[in-house]
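Coordinate inspection notes
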Amino acid sequence: MSSNKYIEQSPEIQNQRNSIRHSSLNQSVHEFSAYKEKMQDLMLPNVEFIEPQDFKKQNECIVCAIEFTQTNRQHHCRMCGSSCCGQCSYKTINKNRVCDICYMKASQLAAEKKRNKFIQSLKDSAKKLKRHIEQAERRKQELQNERDAQQDKSQIDLRVLEKETEDYRLKYSQKTQDKCQYEQQVLDLKLKMSELNTLKEQIHLECQEKEQEIRAYDTNLYLREQELNDKKTQLQRLKQQKEELENMSNKIEQNPEIIEEIIIPEPVQMLQQEKKQQEMYNTNIDIEEIMFGNTNGSKESSTLIKTEQAQQQPQKQNSTKPSQPKQNKDEDDDEEKYKCNIF
Ligand SMILES: [Zn+2]
Ligand SMILES: [Zn+2]
């Protein structure tokens, strides 16, 4: 296929192709020479070059000692000014042609400078590093000191805290003991409180009973006072009757003839009145029995009242002296006082 294709191509196209190949080859050569120049050219600062009037006139190359001819032409080194062939002087420094000897010397010098500079920079770096290391050591020492101080402080704080903890534990145990004691005391107090409440209820009940008794005694006292008033009225009437009787007896002594004209119904009336009062009194005793019927104490009091009434009854029948009801009242008062003492 390729041979057929080659045959088919016209000479015009073939020329075009050849010219393209030629130009690309030239370009490659040019690039290579530029690269070579770049690689062989040494850039050095502060270098002084010789002017052309100072070039030396020599017959052979100073490097390879070859004689100069029409084809092997003479060149000059811009550093030492010596004559040299093209092969021994194609290298350049700062774009100036130099011989291989000068190039080697310059490159060695440059390399040495570079090395010295590098060594100097290394030394500087080492110094800097040393300074950094010293600073780091100092900082480390400071940190260690701080750490030691903090550790000491921590140890002290820890001991203080342990001591405080121990104190608090001791206090806590004491407080716990106190709390137990207080709880026990509270329980005792509650027990006492309940006992006191029971006692209070008992006392309240007793108070109610005693108040009932007092009310009963008050009623009784009221009845006794009424009775006393009745007795006083009766005594007053008896006194009047006695005076009338005395007047009458005086009249009879003075004038015995009028005895048949006088009718004395009063003693009979008086006896009837006393009987009525006795009945009333018995009914009063029944009321008191009904009031005090349930309790022992009230029974005792009711019996006391009965015995007192039994003592009173004979006094009523021959009650002519005015001082007797008063005595009865005194007895009542004594009885009241006695009952109050019982309460
Ligand atoms: Zn040479
Ligand atoms: Zn030279």
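What counts and how
Sequence order sets the numbering: in each chain, residues are counted from 1 along the sequence as written. Here every chain gets a letter starting at A, and every ligand a number starting at 1, in the order they are written. Per-residue local features are limited, in this predicted model, to residues with pLDDT of at least 70; the limit for side-chain atom pairs, both in listing and counting, is 80 or more; totals at the level of whole chains, interfaces and linings are taken over all residues. Hydrogen atoms and water are omitted, and side-chain values are computed over all heavy atoms in the structure. In this text, helices come from DSSP runs of H or I with a minimum length of four residues, and strands from runs of E with a minimum of two, each type numbered from the N-terminal end. The contact criterion used throughout is that any non-hydrogen atoms of two residues lie within 4.5 Å. The rule for donors is simple: an N, O or S atom within 2.8 Å of the metal counts, and for Na, K and Ca the reach is 3.2 Å. Water is not among the atoms, so a site may look short of donors. Sites are called tetrahedral only when four donors show all angles between 85 and 135 degrees, square planar or octahedral only when four or six donors show opposite pairs over 155 degrees and all other angles between 65 and 115, and irregular in any remaining case. A simple rule labels every residue: compare its accessible area, found with a 1.4 Å probe on the protein chains alone, to the largest value its type can have, and call it buried under 20%, exposed over 50%, or partly exposed in between. Here a strand pair is declared whenever DSSP counts at least two bridges between the two strands. In predicted models, pLDDT denotes the confidence assigned by the predictor to each residue on a 0 to 100 scale. Here, nonpolar core refers to any group of buried Ala, Val, Leu, Ile, Met, Phe, Trp, Tyr and Cys residues whose side-chain atoms link them within 4.5 Å.

Further remarks concern the overall build of the chain. For the chain, the helix and strand inventory stands at 6 helices and 5 strands. For the chain, the α and β elements follow one another from N to C terminus as α-α-β-β-β-β-β-α-α-α-α. Of the contacts made within the chain by residues no fewer than 6 positions apart, 52% connect residues no fewer than 24 positions apart.

The subject of this paragraph is the coordination of the zinc ion (ligand 2). Within the first shell, the zinc ion (ligand 2) binds the protein through Cys77 (SG), Cys80 (SG), Cys99 (SG) and Cys102 (SG), at distances of 2.1 to 2.5 Å. Of note is the zinc ion (ligand 2), whose 4 donor atoms meet at the metal with angles of 96 to 137 degrees in an arrangement that counts as irregular. Each donor residue of the zinc ion (ligand 2) belongs to the same chain, and together they define the spacing C-x2-C-x18-C-x2-C. Here Cys99 lies in the loop between β5 (96-97) and α3 (100-254) and Cys80 lies in the loop between β2 (75-76) and β3 (83-84), a separation of 19 residues in the sequence. On the basis of relative accessibility, which here comes to 1%, the residue Cys99 falls in the buried class.

Attention shifts here to the sheet that holds β5. Strand order across the open sheet formed by 3 strands is β1-β4-β5, with mixed pairing between neighbours. This sheet does not close on itself; its edge strands, each paired only once, are β1 (41-42) and β5. The pairing of strand β4 (residues 92-93) with β5 spans 2 bridges and is classified as antiparallel. Bridge pairing in β5 places Ile93 opposite Asn96.

Let us now look at the coordination of the zinc ion (ligand 1). Bound to the zinc ion (ligand 1) are the protein donor atoms Cys61 (SG), Cys64 (SG), Cys85 (SG) and Cys88 (SG), situated 2.1 to 2.4 Å from the metal. Sequence spacing of the donor residues for the zinc ion (ligand 1), all on one chain, is C-x2-C-x20-C-x2-C. Taken as a pair, Cys61 in the loop between β1 and β2 and Cys88 in the loop between β3 and β4 lie far apart in primary sequence, 27 residues in all. Residue Cys61 shares its accessibility class with Cys88, and that shared class is buried.

A word on the confidence of the model for the chain. Considering every residue of the chain, the mean pLDDT works out to 80; 71% of them sit at 70 or more. Within the model, pLDDT remains below 50 along residues 1-5, and this stretch shows 0 contacts once partners closer than five positions in the same chain are excluded. Confidence over residues 294-332 falls short of pLDDT 50; this stretch has 49 contacts with residues more than four positions distant or in other chains.

By size, the foremost hydrophobic cluster in this structure holds 14 residues, and its most contacted members are Cys61, Cys77, Ile93 and Val98. In terms of residue count, the dominant contributor to this core is α3 (3 residues). In contact with Ile93, not counting residues within four places along its chain, are Asp41, Leu42, Leu44, Phe49, Met79, Val98, Tyr103 and Ala106.

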